[in-house]
Amino acid sequence: MMEIAKMTREEIPKVAELEKSIFSMPWSEQGFYDTLNMKNVIFLTAKEDGQIWGYCGIYLAADEGEITNVAVAPERRRQGIAGKLVQTLMEEAGAFGVRSFILEVRASNAGAIKLYQKLGFTPGGIRKNFYQNPKEDAIVMMNQ
């Protein structure tokens, strides 16, 4: 059974490895350690039988949250893991008073866009050439 829980420092090497396998410009292991040390951050992992299959994070600022690093291993996509991660993340952030959420998604990532819309996000703008390798626009999505 999939367990969603707060990311621990011990999980960071596996998370960084998964990050490297998914993103063209991945965060470093040190980047995850530094971020996890911040007070205004929540990072979650999705685990099953000790294996990390996904993770996501959010930066908190007053009543707003910026969601970052929503990732699921390719072989476990389309199984509801990303949805559970983001929903749990929003609930945890809500406990800290966060009422509006924002995230960026690659314009070509139809699956993620559909998921975010299902979770109540709507497009709010475009960041031109936001992503590199390959260069691509980001759609800014909000949930208020």
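Quick note: structure is the one above.
The structure presented is a predicted model; accordingly, all values stated were derived computationally and were not measured.

1. Some points on the sheet that holds strand β2 (residues 41-48)
Thought 1: The strand order across the open sheet built from seven strands is β1-β2-β3-β4-β5-β7-β6, with neighbouring strands paired in mixed fashion. Of all strands in the sheet, those with a lone pairing partner are β1 (3-6) and β6 (122-131), marking the two edges. For this sheet the average axis-to-axis angle between neighbouring strands, irrespective of direction, equals 25°.
Thought 2: Here three bridges tie strand β4 (residues 64-72) to strand β5 (residues 100-106), and the two strands are oriented parallel to one another. When the sheet's bridge partners are listed, Glu64 is paired in β5 with Ser100.
Thought 3: Its contacts with the sheet place helix α2 (residues 29-36) against β2, β3 (51-61) and β4, and it is angled at close to 120° to β2.
Thought 4: Lying over the sheet, helix α4 (residues 110-118) contacts β4, β5, β6 and β7 (136-143), oriented at roughly 165° with respect to β5.

About the criteria used
- Residues numbered from 1 in each chain as written.
- Predicted model: local features only at pLDDT ≥ 70, side-chain atom pairs only at ≥ 80, totals over all residues.
- Heavy atoms only, no water.
- Pairing = 2+ DSSP bridges.
- Helix = DSSP H or I, 4+ residues; strand = E, 2+ residues; numbered from the N terminus.
- Axes fitted to C-alpha atoms, helices over the stretch in contact; angles between N-to-C directions.
- Contact = heavy atoms within 4.5 Å.

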